[in-house]
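Structural overview for review
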Amino acid sequence: ADLDILTIDQLLKFPSATKNQMAQLYFKYGRGMHIIDGSDFGFISLDNLSSVSDEVAQQSPYYSEYIEYFGHDKATNTAIVAAFDDTDGDAEQRRAYLVHLMRLNMIPQLMMTYIGLSIRHCTEVDVYPDVPPSLYWDEFAALYIGSLEGEENS
């Protein structure tokens, strides 16, 4: 996810008369984000992060507070798409706003979902029987720490 956001950040630094279409296309169609959705492993775009199934998204311990505060479950994605469409403001402020929304809203939301899934997996029997109990915790830790590879990638 960090590399996707870094790429978008760099693309937003170039002057653009097309609403930074390359950065927007990378956000919508890039497939660099590794995600676990139930027991299905895959790579999705940052835009698709908000389209993760409602059942999975609701596993976050803070899901109801998020809905109460923002009014709907795709508020961050809506704000990002609106910022891409806004060409009247300062380009540097828009870049900072977009990058911060991705880094400070989207990724923590995903991390809280992994925490919720981890808790659910440990407290309920047969939620995802084919998934090891530590998987969601490891995914959370990898996002929080940045890597779990170690020095020898083993």
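Let me begin by describing the structure that accompanies this report. (Residues numbered from 1 in each chain as written. Predicted model: local features only at pLDDT ≥ 70, side-chain atom pairs only at ≥ 80, totals over all residues. Heavy atoms only, no water.)

Comments concerning the packing of aromatic side chains
Overall, the coordinates contain 6 aromatic pairs when judged by the stated rule. Both rings, one in F27 and one in F84, keep their centres 5.9 Å apart while their planes meet at 45°; by these two values the pair is tilted. Taken together, the residues span a long stretch of sequence, with F27 in helix α2 (residues 21-29) and F84 in helix α5 (residues 75-85) at a distance of 57 residues. For F84, a relative accessible area of 1% translates into the label buried. Geometrically, the ring pair formed by W137 and F140 is tilted, given 5.2 Å between the ring centres and 35° between the ring planes. Of this pair, W137 and F140 both sit in helix α7 (residues 135-145), 3 residues apart, roughly one helical turn. Through pairs of rings, three or more aromatic residues link up here, namely Y66, Y69 and F70. (Phe/Tyr/Trp six-rings, centres within 6.5 Å; stacked < 30°, edge-to-face > 60°. Helix = DSSP H or I, 4+ residues; strand = E, 2+ residues; numbered from the N terminus. Buried < 20%, exposed > 50% of the residue type's maximum accessible area, 1.4 Å probe, protein only.)

Concerning the nonpolar core
Side chains that are nonpolar tend, in soluble globular proteins, to be buried together. By size, the foremost hydrophobic cluster in this structure holds 27 residues, and its most contacted members are I8, F27, L46, I80, F84 and M102. Taken together, the elements giving at least two residues each to this core come down to α1 (2-12), α2, α5, α6 (91-123) and α7. When residues in this core are grouped by element, the largest group, 11 residues, is from α6. (Core = buried A, V, L, I, M, F, W, Y, C linked by side-chain atoms within 4.5 Å.)

Some details on the pattern of salt bridges
By the definition in use, this model includes 3 salt bridges. Here R95 and D9 are joined by a salt bridge, their closest N and O atoms 2.3 Å apart. Note that R95 is positioned in helix α6 and D9 in helix α1, a separation of 86 residues in sequence. Grouping residues by exposure puts R95 and D9 together as buried. For K74, the salt bridge is made with D73, and the minimal N-O distance between the two is 3.4 Å. Judged by its relative accessible area of 28%, K74 is partly exposed. Members of the salt-bridge network, linked through shared partners, are D9, E92 and R95. (Salt bridge = Lys/Arg side-chain N within 4 Å of Asp/Glu carboxyl O.)

Points about the packing of α2 against α5
Relative orientation of the contacting elements α2 and α5 amounts to 160°, with a least axis distance of 10 Å. In terms of axis orientation, α2 runs roughly antiparallel to α5. Where α2 crosses over α5, the handedness of that crossing is left-handed. Along the contact surface, α2 presents A23, Q24 and F27, while α5 presents N77, I80, F84 and D85. Its residues assigned to classes, the contact of α2 with α5 shows 4 nonpolar, 2 polar and 1 charged. (Axes fitted to C-alpha atoms, helices over the stretch in contact; angles between N-to-C directions. Parallel < 35°, antiparallel > 145°, perpendicular 65-115°, else oblique. Left-handed = near helix turned anticlockwise from the far one by under 90°. Contact = heavy atoms within 4.5 Å. Nonpolar A, V, L, I, M, F, W, Y, C, P; charged D, E, K, R; others polar.)

Topic: the packing of α1 against α2
Interhelical geometry of α1 versus α2 gives an angle of 165° and a closest axis separation of 8 Å. In terms of orientation, α1 lies roughly antiparallel with respect to α2. The handedness of the crossing between α1 and α2 comes out as left-handed. On α2, the residues that touch D4, T7, I8, L11 and L12 of α1 are M22, A23, Y26 and F27. Along the lines of polarity and charge, the residues of the contact of α1 with α2 split into 7 nonpolar, 1 polar and 1 charged.

Taken by themselves, the reported measurements are silent on function.
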